[in-house]
Amino acid sequence: MAYENGGTYWICPVDNTGVALSVRGDSQVSQNRDVFLYKKEDIGDQLWRVDVGNGFARIKSTLDDRYALNIYLSTGNCDIHTWADNLEDSKINFRTIDASNNIYQIQNYRNNADNNLYLTASKAASGGLVTWNASNGSSLQKWKLIKKTGGGTGTAHEISMPVNINQKYIGNSTFVQATGCALCCGVDIASKLHNTTYSISDFRLGTDYTEYWKNGDPIASYNWTGPGGFDMTPTEDYRAISEADTIERIRAKVRSGIPIACHAVGSGGKEHWFVPYKLDGSTGSTWATCGIWVLDPYNGDKNSYNGRKVPIWTAMHDSGVTLGINRARIPK
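### Some details on the overall build of the chain
Then, in step 1: What the chain contains, in helices and strands, is four helices and 21 strands.
Then, in step 2: Taken against the 2.2 N^0.38 rule, which gives 20 Å for 332 residues, the C-alpha radius of gyration of the chain at 22 Å falls within 12% of a compact globule.
Then, in step 3: When its C-alpha atoms are laid out on the principal axes, the chain stretches across 70 × 40 × 35 Å.
Then, in step 4: Per-residue burial over the chain gives 52% buried out of 332 residues.
Then, in step 5: Taking all contacts inside the chain whose residues are at least 6 apart in sequence as the whole, residues at least 24 apart take part in 59%.
Then, in step 6: Accessible surface, the chain: about 13800 Å² in total, of which carbon and sulfur atoms supply 47%.
Then, in step 7: The averaged location of the 33 negative side-chain charges in the chain is 2 Å from the averaged location of its 33 positive side-chain charges.

Pasting the structure below:
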């Protein structure tokens, strides 16, 4: 079958699927870090997410999906780079060779041009270097995408979060207690990113008299901004991808140390926000088995200032939002 938008894959030379495209160096990402071929393993270094839109694709690292395959123009080298500030060099065009077996040429599509630059391995073996070269008919320019169908890599990871607000806390307004889960997530994440300890009152009115949330409507309406220029207005839409692929996207964020706010939905219009912060090492591909833990604002103990730390399925089940996560807010 053909590759899927949002799917996670190993990218292997067609002549040797025992090796895979890998980020060079100890599960780390950084600007212009080389990629090469290495013995195929179930690790984030070798897992790539294909995102398609506007007539092209990007191949993003699951270690940190802010980074994507990139062309280093002066040398033709293939490396990784943050794609948001390098939009053209990270564009990809898949040239189909055998869609039923997921075999493609991978073309750099800078400026949407047929520039005759294709992902090329120096050899189909561990240690092979990877560059962008003119099409030459070689099998070293043919790549097989092998879909990751299980769960995560089995690696535990935790983002240290200094604040975990309970929306049900008796000291909060009735509006926050009833509908303030998004606001609580914003306070939690801003506290982490700004290395401080914010409270809901810090988000009530900015020094420039900006209202970050409104206490009534009759809901606590939050605009995803906050003190010190805090901003979470970017949204990732997960409606078109599978539960397993959504789980992989969230795992990638936690592994990268990026706290996000996830929106889950249930029958009867129920909805809830929470913040994934920990992977316990489980490799399941369902909400009940994935091993993702969240800061959950929904703590029924009104005397507790702190929210809960629970598995994501517990947060979903207790709030009646078991239909899954349809979008997330991402820090700028």
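### Section: the packing of aromatic side chains
Then, in step 1: Counted by the stated rule, this structure contains 11 aromatic pairs.
Then, in step 2: On the numbers, 6.3 Å between centres and 65° between planes, the contact of Phe 203 with Phe 230 is edge-to-face. With a gap of 27 residues between them, Phe 203 in the loop between helix H2 (181-193) and strand E14 (213-215) and Phe 230 in the loop between strand E15 (220-222) and strand E16 (235-237) connect regions that are remote in the sequence. With respect to burial, Phe 203 and Phe 230 carry one shared label: buried.
Then, in step 3: In this structure an aromatic cluster arises from ring pairing among Tyr 198, Phe 203, Tyr 212, Tyr 222, Trp 224, Phe 230 and Trp 273.
Then, in step 4: Just above the ring of Trp 10 sits the side chain of Lys 40; from NZ or CZ to the centre is 4.0 Å.
Then, in step 5: The ring centre of Phe 56 lies 4.7 Å from the NZ or CZ of Lys 91, which sits over that ring.

### Some details on the state of the cysteines
Then, in step 1: Under the criterion given, the structure shown has zero disulfides.
Then, in step 2: Sulfur of Cys 181: no disulfide; nearest cysteine sulfur belongs to Cys 185 and is 6.4 Å away.

### Points about the environment of Cys 78
Then, in step 1: Along the chain, Cys 78 falls in strand E7 (residues 77-82).
Then, in step 2: With residues up to four places along the chain from it excluded, the contact list for Cys 78 reads Asp 34, Val 35, Leu 69, Asn 70, Leu 119, Val 130, Thr 131 and Trp 132.

### Thoughts on the environment of Glu 88
Then, in step 1: Looking at the element boundaries, Glu 88 is found in the loop between E7 and strand E8 (92-98).
Then, in step 2: Once you skip the residues sitting within four places of it in the chain, Glu 88 turns out to touch Arg 110, Asn 111 and Asn 112.

### Let's talk about the pairing of strand E2 (residues 19-23)
A regular strand carries its side chains on alternate faces of the sheet.
Then, in step 1: Within E2, five of the five residues are buried, leaving the element largely enclosed by the surrounding structure.
Then, in step 2: Relative to strand E3 (residues 33-39), E2 runs antiparallel, the two sharing five bridges. Bridge pairing in E3 places Val 23 opposite Val 35.

### Let's talk about helix H4 (residues 312-319)
Then, in step 1: Along H4, the residues that are buried comprise Ile 312, Ala 315, Met 316 and Ser 319. Take H4 and look down its axis: the buried residues cluster within an arc of 95°, on one side only.
Then, in step 2: On its buried face, H4 is in contact with strand E17 (261-265), strand E18 (271-279), strand E19 (292-296), strand E20 (308-311) and strand E21 (324-329).

### With respect to the side chain of Ser 304
Then, in step 1: Its place among the elements puts Ser 304 in the loop between E19 and E20.
Then, in step 2: At 3.1 Å, the side chain of Ser 304 forms a polar contact with the backbone oxygen of Asn 306.

### Topic: helix H3 (residues 243-255)
Residues spaced three or four apart along an α-helix point in a common direction, a consequence of the helix completing one turn every 3.6 residues.
Then, in step 1: Along its 13 residues, H3 runs 18 Å from first to last C-alpha, staying within 8% of the 18 Å computed at 1.5 Å per residue.
Then, in step 2: With 11 of 13 residues buried, H3 is to be regarded as a mostly interior element.
Then, in step 3: Among the residues of H3, those classed as buried are Asp 245, Thr 246, Ile 247, Glu 248, Arg 249, Ile 250, Arg 251, Ala 252, Lys 253, Val 254 and Arg 255.
Then, in step 4: Gly 257 sits one or two positions beyond H3 and adopts a positive phi of about 75°.

### With respect to the pattern of salt bridges
Then, in step 1: Tallying each qualifying case throughout the model produces 18 salt bridges.
Then, in step 2: Between Arg 308 and Asp 296 there is a salt bridge, with the nearest N and O atoms lying 2.8 Å from each other. Placement of Arg 308 in strand E20 and of Asp 296 in strand E19 is noted, with a sequence separation of 12 residues between them. As far as the burial class goes, Arg 308 and Asp 296 line up, both buried.
Then, in step 3: Three or more residues joined by partner-sharing salt bridges are found here, namely Arg 49, Asp 51, Lys 60, Asp 65, Glu 236, Arg 249 and Lys 253.

### Regarding the environment of Asn 115
Then, in step 1: Along the chain, the position of Asn 115 falls in the loop between strand E9 (103-108) and strand E10 (118-121).
Then, in step 2: Sequence separation of Asn 115 and Ser 135 is 20 residues, and the distance between their C-alpha atoms is 9.9 Å.
Then, in step 3: Setting aside its immediate chain neighbours within four residues, Asn 115 contacts Gln 107, Asn 108, Tyr 109 and Arg 110.

### Comments concerning unusual backbone geometry
Then, in step 1: Within the chain, Asn 102 stands out as a residue other than glycine whose phi angle is a positive 60°.
Then, in step 2: Relative to the elements of secondary structure, Asn 102 occurs in the loop between E8 and E9.
Then, in step 3: The exposure class assigned to Asn 102 is buried, which follows from its relative accessible area of 6%.
Then, in step 4: For Asn 116, which is not glycine, the phi torsion reads 55° and is therefore positive.

Scoring rules and cut-offs
Residues numbered from 1 in each chain as written. Predicted model: local features only at pLDDT ≥ 70, side-chain atom pairs only at ≥ 80, totals over all residues. Heavy atoms only, no water. Helix = DSSP H or I, 4+ residues; strand = E, 2+ residues; numbered from the N terminus. Rg over C-alpha atoms; globule rule 2.2 N^0.38 Å. Buried < 20%, exposed > 50% of the residue type's maximum accessible area, 1.4 Å probe, protein only. Contact = heavy atoms within 4.5 Å. Areas by Shrake-Rupley, 256 points an atom, 1.4 Å probe, with all protein chains shown as cover. Lys, Arg positive; Asp, Glu negative; His and termini not counted. Charge placed at Lys NZ, Arg CZ, Asp CG, Glu CD. Phe/Tyr/Trp six-rings, centres within 6.5 Å; stacked < 30°, edge-to-face > 60°. Lys NZ or Arg CZ within 6 Å of the ring centre and 35° of its normal. Disulfide = S-S within 2.5 Å. Pairing = 2+ DSSP bridges. Arc of directions from axis to C-beta. Polar contact = N/O pair within 3.5 Å; in protein donor to acceptor, adjacent residues only side chain to side chain. Expected span 1.5 Å × (residues − 1). Salt bridge = Lys/Arg side-chain N within 4 Å of Asp/Glu carboxyl O.

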